[in-house]
Amino acid sequence: SVLVKAFEQYQLAFQFAPNYVSLYPIVANLYAQTGNMSEAIRLIEQAAGLLVGAGEYDARIFYSQALFYTAAKRYDDTLAVLKEVDAKYSSENGLDAEMMNNIILATRTQGADAIPFLEKVYAMDNNISATALMLAQLYAAEGNKNKARFYANEALKTDPSITEKVQAFLNALDKQQDSAL
């Protein structure tokens, strides 16, 4: 199979260049896609260790580490990585919204379990509209319309370009509430 060949080639590359950090997220993603999150996490932790040891930073590694932790519901580990990234490497604008989108999307299928984690991420950086939108969706699914409205409106404050999307969400919430009465 093509996937087996890819793994074999990457293993050869690791033997040849074990400190070539750019290989790690590629192979870690392959492991994650095949459902082997523990190996994906092990590899990305190894890559992060190499970078920290060399005093270097690569956003792909640290945000991938946070993504894999989130997918494994290791929220405390995710928060620790994000706090370090925010403290040491973020710009004055906070966490990288584009990189954070994948982490936030990983919580979609985790339901209410992800809400406390997402609230902590939101408290860390409330300028990422994806966090507020996901909280709005998860609270709506849990039946908490007030919190859903609050976070939908918070997302709108940070990203006015999503007005139509947020308004449709709020209208759907109102229709749900009306039909429940």
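Residues numbered from 1 in each chain as written. Predicted model: local features only at pLDDT ≥ 70, side-chain atom pairs only at ≥ 80, totals over all residues. Heavy atoms only, no water.

A few points about the overall build of the protein chain
Tallying secondary structure elements over the protein chain gives ten helices and zero strands in all. The N-to-C order of helical and strand elements in the protein chain reads α-α-α-α-α-α-α-α-α-α. Of all intrachain contacts in the protein chain linking residues separated by at least 6 positions in sequence, the fraction that spans at least 24 positions is 53%. Taken as two groups, the 15 positive and 21 negative side-chain charges of the protein chain have centres that lie 5 Å from each other. (Helix = DSSP H or I, 4+ residues; strand = E, 2+ residues; numbered from the N terminus. Contact = heavy atoms within 4.5 Å. Lys, Arg positive; Asp, Glu negative; His and termini not counted. Charge placed at Lys NZ, Arg CZ, Asp CG, Glu CD.)

Side note on the nonpolar core
Ranked by internal contacts, the top residues of the largest apolar core, which has 55 residues, are M100 and L118. The element best represented in this core is helix α8 (residues 129-141), accounting for nine residues. If we skip the residues at most four places from it in the chain, L118 touches I104, T107, T131, M134, L135 and L138. (Core = buried A, V, L, I, M, F, W, Y, C linked by side-chain atoms within 4.5 Å. Buried < 20%, exposed > 50% of the residue type's maximum accessible area, 1.4 Å probe, protein only.)

A few points about helix α4 (residues 59-71)
The terminal C-alpha atoms of α4 lie 18 Å apart, and with 13 residues this matches the ideal 18 Å at 1.5 Å per residue to within 8%. Looking one or two residues past α4, K73 carries a phi angle of roughly 60 degrees, positive in sign. (Expected span 1.5 Å × (residues − 1).)

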